[in-house]
Amino acid sequence: ILNVEQSPQSLHVQEGDSTNFTCSFPSSNFYALHWYRWETAKSPEALFVMTLNGDEKKKGRISATLNTKEGYSYLYIKGSQPEDSATYLCASFHNTDKLIFGTGTRLQVFP
Amino acid sequence: DTEVTQTPKHLVMGMTNKKSLKCEQHMGHRAMYWYKQKAKKPPELMFVYSYEKLSINESVPSRFSPECPNSSLLNLHLHALQPEDSALYLCASSQDLNGGYTFGSGTRLTVV
């Protein structure tokens, strides 16, 4: 059974702080790692899709790295803003054609 | 149009009712998905359609019946559900099975 784990489960930071979360996934038969941002009452929004070991992607103040050999990805947010408050989901894709989600990290940024 | 539209947003149904959830996208995506999410749990895959054909059924009970009438539409027919089926049902689409997903905002289903 493929298991994707995220930590921490929740995080509270002050506006302006930088923060990061971790996604752990099985390294066997790995194809891709997805990150999604999910605001309350909205649709999950795709942030990054990464496939290669050592991949780094950036979108504004948010960036992500990928280590496929050890099975982890980090998501970084630089200078957090209240509008960054959301649940951040990662999901890994293996040769099963199925995208398996973690439980997410709930981020709350206080002004 | 870069959205996945799901209707209805909320649904309350009895255990003897028959209802359908609808999902629509006009991005030309060839893969569409149904996920179920219960509180504080990750979204769980139910069905995958690729080029309008069912490619994955995650051993979902037959009281859930998917249908893909064309490349833009995905339905989930519900019949004789149980209270434990109450959850958020998310539809998603992607260009192909390896790409990033575009999600709808979900249907919040309550079975009474």
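Definitions and limits used
Residues numbered from 1 in each chain as written. Chains lettered and ligands numbered in written order. Predicted model: local features only at pLDDT ≥ 70, side-chain atom pairs only at ≥ 80, totals over all residues. Heavy atoms only, no water. Salt bridge = Lys/Arg side-chain N within 4 Å of Asp/Glu carboxyl O. Buried < 20%, exposed > 50% of the residue type's maximum accessible area, 1.4 Å probe, protein only. Helix = DSSP H or I, 4+ residues; strand = E, 2+ residues; numbered from the N terminus. Contact = heavy atoms within 4.5 Å. Disulfide = S-S within 2.5 Å. Buried area = accessible area lost by both parts, 1.4 Å probe. Polar contact = N/O pair within 3.5 Å; in protein donor to acceptor, adjacent residues only side chain to side chain.

Peer 1: Help me out: how do you make sense of the pattern of salt bridges in this one?
Peer 2: Note on pairing: side chains with opposite charge can pair once their charged atoms come close. Residue and element names in this part refer to chain A. Following the criterion strictly, the structure yields eight salt bridges over all chains and no others. Note that Glu39 is salt-bridged to Lys42, the shortest N-O span being 3.9 Å. By relative accessible area, Lys42 is classed as partly exposed at 47%. Across the pair Asp84 and Arg61 runs a salt bridge, and its minimum N-O distance is 2.8 Å. Here Arg61 lies in the loop between strand S6 (56-59) and strand S7 (62-67) and Asp84 lies in the loop between strand S8 (72-77) and strand S9 (86-94), a separation of 23 residues in the sequence. Take Asp84: its relative accessible area is 4%, and that puts it in the buried class. The structure contains a network of salt bridges with shared partners spanning Arg37, Glu39, Lys42, Glu45 and Lys59.

Peer 1: Explanation requested: the environment of Pro83 of chain B in the structure shown.
Peer 2: All names here are of chain B. Looking at the secondary structure, you find Pro83 in the loop between strand S8 (73-79) and strand S9 (87-94). The exposure class assigned to Pro83 is partly exposed, which follows from its relative accessible area of 40%. Residues Pro83 and Gly14, spaced 69 residues apart in sequence, show a C-alpha to C-alpha distance of 8.7 Å. Not counting residues within four places of it along the chain, the set of residues in contact with Pro83 comprises Met15 and Val111.

Peer 1: Could you clarify how one ought to interpret the state of the cysteines in this entry?
Peer 2: One way to say it: the disulfide is the covalent bond shared by the sulfur atoms of two cysteines. This structure, assessed with the given rule, holds two disulfides over all chains. Disulfide pairing places Cys23 of chain A opposite Cys90 of chain A at an S-S distance of 1.9 Å. Handedness of the Cys23 of chain A-Cys90 of chain A disulfide follows from its S-S torsion of about 75 degrees: it is right-handed. Of this pair, Cys23 of chain A sits in strand S3 (residues 19-24) while Cys90 of chain A sits in strand S9, and the two are 67 residues apart along the sequence. Grouping residues by exposure puts Cys23 of chain A and Cys90 of chain A together as buried. Here Cys23 of chain B pairs with Cys91 of chain B through a disulfide, and the sulfurs are 1.8 Å apart. The chirality of the disulfide connecting Cys23 of chain B with Cys91 of chain B is left-handed, given an S-S dihedral of about -70 degrees.

Peer 1: Is there a simple way to think about the interface of chain A and chain B in this case?
Peer 2: One widely used convention gives an interface's size as the accessible area the parts lose upon coming together. Counting from both sides, the interface comprises 18 residues of chain A and, opposite them, 19 residues of chain B. Summed over the three residues of chain A that lose the most area to chain B, namely Trp38, Lys98 and Phe101 of chain A, the buried surface amounts to 32% of that side. Applying the counting criterion to the chain A and chain B interface returns one salt bridge. With a shortest N-O distance of 3.1 Å, Glu58 of chain B and Lys98 of chain A are connected by a salt bridge. Inspection of the region where chain A meets chain B yields six residue pairs in polar contact (both at pLDDT 80 or more). Listing elements by their share of the side of chain A that touches chain B, those giving two or more residues are strand S4 (30-38), strand S5 (45-50), S9 and strand S10 (99-101) of chain A. Per-element tally for the side of chain A that touches chain B: the top contributor is S4 of chain A, with four residues.

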